[in-house]
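Overview (structure and organization)
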Amino acid sequence: MKESSRKQGAASPCAACKLLRRRCAQDCVFSPYFPADEPQKFANVHRVFGASNVNKMLQELPIHQRGDAVSSMVYEANARVRDPVYGCVGAISSLQQQIDVLQAQLALAQAEVVHLRVRHSTNFPGHGLCPDSPSSSGSPSSKQVSPQGNKGMFSHMDIVDEASLGESMWSC
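Because the structure is a prediction, the values reported are computed rather than measured. (Residues numbered from 1 in each chain as written. Predicted model: local features only at pLDDT ≥ 70, side-chain atom pairs only at ≥ 80, totals over all residues. Heavy atoms only, no water.)

1. Overview of the UniProt feature "coiled-coil region" (unreviewed entry) in the protein chain
Applied cut-off: UniProt positions are given in the numbering used here, feature names are shortened, and annotations may be inferred rather than shown by experiment. Every helix listed is a DSSP run of H or I at least four residues long, and every strand listed is a run of E at least two residues long, numbered separately from the N terminus.
The residues that UniProt annotates with the feature "coiled-coil region" (unreviewed entry) are residues 92–119. Secondary structure across residues 92–119 comprises 100% helix and 0% strand; the distance between its end C-alpha atoms is 40 Å.

Structure representation (structure tokens):
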């Protein structure tokens, strides 16, 4: 119904044609991707890529790929508006840094778990990390809670020698 009303000129032009101040034709390449109620979407794409370049890119693509291309252009344009120098690369770099920090935190937490298991097995011989020991069975008595809770989990972490760790872990 929207297309038939566009033939009669009653429908509002798409965001691209509105911004470019031109008549929105029935076969407008922008109208399926830049609806009139989302003007900022095309404004950013136009500011970064230019309407002519976007038009060329869309016409060179098969119709089934145009939606993905527009999504990519909108994402890149919005990123460029927020960060004109780095754009998407800035966002990706920031996320990569967050991943690196989280991986380091995970490594510390895993080292703390190993350290606590080793300390537990040396304090309570016979209840260490052996598969058939009661402490590794998951029984409620093996799940001890520290009176401190999770506060200062890494503040008292001792350095454990890997060679002695390997020997003490599996000496059942």
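2. Considerations on the environment of serine 121
Stated formally: Burial status follows relative accessibility: with a 1.4 Å probe on protein chains alone, a residue under 20% of its type maximum counts as buried, one over 50% as exposed, and anything between as partly exposed. Here a polar contact is taken to be a pair of N or O atoms separated by no more than 3.5 Å, where protein atoms must pair a possible hydrogen donor with a possible acceptor and residues adjacent in sequence count only if both atoms sit in side chains.
Turning to its location among the elements, serine 121 is positioned in helix α6 (residues 88–123). Overall, the relative accessible area of 12% leaves serine 121 in the buried class. Here the side chain of serine 121 touches valine 118 through a polar contact of 2.9 Å, landing on its backbone oxygen.

3. Describing the nonpolar core
Basically, it comes down to this: In plain words, nonpolar cores are sets of buried Ala, Val, Leu, Ile, Met, Phe, Trp, Tyr and Cys residues tied together by side-chain atoms within 4.5 Å. Note on definitions: a residue-residue contact is assigned when non-hydrogen atoms from the two residues lie within 4.5 Å.
Core analysis: the largest hydrophobic core is formed by 20 residues, its most contacted members being Phe30, Phe34 and Leu58. Those elements giving two or more residues to this core turn out to be α2 (15–20), α3 (39–49), α4 (51–60) and α5 (63–82). Broken down by element, this core gets its largest block of residues, five residues, from α5. Once you skip the residues sitting within four places of it in the chain, phenylalanine 34 turns out to touch Cys14, Ala15, Ala16, Lys41, Phe42, Val45, Val70 and Val74.

4. With respect to the environment of cysteine 28
By the secondary structure assignment, cysteine 28 is in the loop between α2 and α3. According to the relative accessible area criterion, cysteine 28 is buried, its value standing at 10%. Expressed as a C-alpha distance, the spacing of cysteine 28 and asparagine 55, which sit 27 residues apart in the sequence, is 9.6 Å. If sequence neighbours within four positions are ignored, cysteine 28 has contacts with Cys14 and Cys17.

5. Side note on the pattern of salt bridges
Rule in force here: Between Lys or Arg on one side and Asp or Glu on the other, a salt bridge is scored when a side-chain nitrogen of the former is within 4 Å of a carboxyl oxygen of the latter.
In the structure shown here, the tally under the stated rule is two salt bridges. Here glutamate 38 ties to lysine 41 by a salt bridge, and the two come within 3.6 Å at their closest N and O atoms. Residue classification places glutamate 38 among the partly exposed residues on the basis of a relative accessible area of 34%. Between glutamate 76 and arginine 80 there is a salt bridge whose closest N-O contact spans 2.9 Å. In this pair, glutamate 76 and arginine 80 both sit in helix α5, four residues apart, roughly one turn of the helix. Glutamate 76 gets classed as buried once you look at its relative accessible area, which sits at 18%. Under the relative-accessibility criterion, arginine 80 is labelled partly exposed at 30%.

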